[in-house]
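Chain by chain, the residues:
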Amino acid sequence: MLKILITDPLHESAIEILKEAGEVEIATGISIEEIKQKIKDADALVVRSGTTVTKEIIDASENLKVIARAGVGVDNVDLDAATEKGVVVVNAPDASSISVAELMFGLMLSAARNIPQATASLKKGEWDRKSFKGMEVYAKTLGIVGLGRIGQQVAKRAQAFEMNIVAYDPYIPENVASELGIKLLSVDELCAESEFITLHVPLTTKTKHMIGKTQFDLMKNNTIIINCARGGLIDENALYDAINCGKVKAAGLDVFEEEPPTKNPLISLNGLIGTPHQGASTEEAQLSAGTIVAEQTVKILKG
Ligand code: NAD
């Protein structure tokens, strides 16, 4: 009987699919030592973002054939160690694109209309309509940094709001942008032209701090910036200064350089609204990510 070890909470439908391939053991919230024990005779390991699959864990396995990451990024899996051991790594890159794109609009509209601040005021028993005057997104320029899966979902939805869309993505063919009615610019031009900026690129050595002091200085006053991609794309010290000096009216962040951002001074700023890295936290995205990787896992295990 094949053994499938699950170490992070997984959608029930995905667990049912995995049961077709063998005996499923669910052990969430366990220590590295316990994972090393349990993985010894496992044929597959299924994780989300909670488990960091290190070389130490991979090397402790004797039968492992698949590591399944029920989600997009595989930054929590040591890919070199897996390759070295001949273990296949599968993920679900498309599963959460719509959920992340929708969260971006949640943050953008919340920032434009001061919804979190107005809600907090209302809950204190106040009825203050003057302090929360906002701005429309209609006919404003939205700068999309990274026109991949999520960036394109954002673009389609921004068109319904009748926004003017520009993008920076040096790797996307010109025709992909033009077919979507999007003008491609350099990142600096995008920063100078946009009222709203949203980031949808991976975090790499090239993209780390790609939005820093130079880019904030180029922005119009009262720009709104959203990051639902990865902490580290924005230089948070520069963002702190940009909010304080009025270049940035508000930032909507789902991701932070350090998570959770307990000691992050940005959190205390009124212009900062945020969510705890919950871009993919929807019923639909988790169902989709879970079932996609479960099906791939069963296929590989059954040969
Ligand atoms: P994708 O690979 O489909 O798109 C990324 C795009 O970025 C590509 O078009 C690529 O050409 C472009 N790109 C790469 N390097 C670049 C650079 N140096 N400058 C400009 N553009 C560059 O990825 P995706 O699925 O759209 O995901 C985008 C981001 O969203 C990733 O960082 C991913 O980790 C993140 N994400 C976050 C959550 C969340 O919970 N908040 C969930 C899913 C994905």
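Just so you know, these numbers come straight off a predicted model, no measurement behind them. (Residues numbered from 1 in each chain as written. Predicted model: local features only at pLDDT ≥ 70, side-chain atom pairs only at ≥ 80, totals over all residues. Heavy atoms only, no water.)

Right, let's talk about unusual backbone geometry for a bit. Peptide bonds are trans in most cases, and residues, glycine excluded, mostly fall at negative phi. Across the junction of Glu259 and Pro260, the peptide omega takes the value -5 degrees, indicating a cis bond. Here Pro260 lies in the loop between strand 11 (248-253) and strand 12 (272-274). Phi at Asn114 takes a positive value of approximately 55 degrees, unusual for a residue other than glycine. With respect to the secondary-structure elements, Asn114 resides in the loop between helix 5 (97-113) and helix 6 (115-123). Residue class for Asn114 comes out buried when judged on its relative accessible area of 11%. For Glu162, which is not a glycine, the phi torsion comes out positive at approximately 60 degrees. (Helix = DSSP H or I, 4+ residues; strand = E, 2+ residues; numbered from the N terminus. Buried < 20%, exposed > 50% of the residue type's maximum accessible area, 1.4 Å probe, protein only.)

All right, on to the site of the ligand then. Taken together, 24 residues surround the ligand, and among them Arg149, Ile150, Asp169, Val201 and Asp254 come closest. One of the side-chain nitrogen or oxygen atoms of His277 is found 3.4 Å away from an oxygen atom of the ligand. Ala280 is positioned such that a nitrogen or oxygen atom in its backbone is 3.5 Å from an oxygen atom of the ligand. Considering the ligand on its own, with 870 Å² of exposed area, one finds that the protein chains cover 86% of that surface. Counted by class, the shell around the ligand contains 13 nonpolar, seven polar and four charged residues. (Near = heavy atom within 4 Å. Polar contact = N/O pair within 3.5 Å; in protein donor to acceptor, adjacent residues only side chain to side chain. Areas by Shrake-Rupley, 256 points an atom, 1.4 Å probe, with all protein chains shown as cover. Nonpolar A, V, L, I, M, F, W, Y, C, P; charged D, E, K, R; others polar.)

Right, let's talk about the pattern of salt bridges for a bit. Counted under the stated rule, the structure contains 15 salt bridges. In this structure, Lys36 engages Glu33 in a salt bridge whose closest nitrogen and oxygen atoms are separated by 3.5 Å. Placement of the pair is Lys36 and Glu33 together in helix 2 (residues 32-39), with a separation of three residues, close to one helical turn. Between Lys220 and Glu195 there is a salt bridge; the shortest N-O distance is 2.9 Å. Within this pair, whereas Lys220 is found in the loop between helix 10 (213-218) and strand 10 (223-227), its partner Glu195 is found in the loop between helix 9 (187-193) and strand 9 (196-199), the two being separated by 25 residues in sequence. Taken together, the salt bridges that share partners define one network made up of Lys3, Glu25, Lys38 and Asp41. (Salt bridge = Lys/Arg side-chain N within 4 Å of Asp/Glu carboxyl O.)

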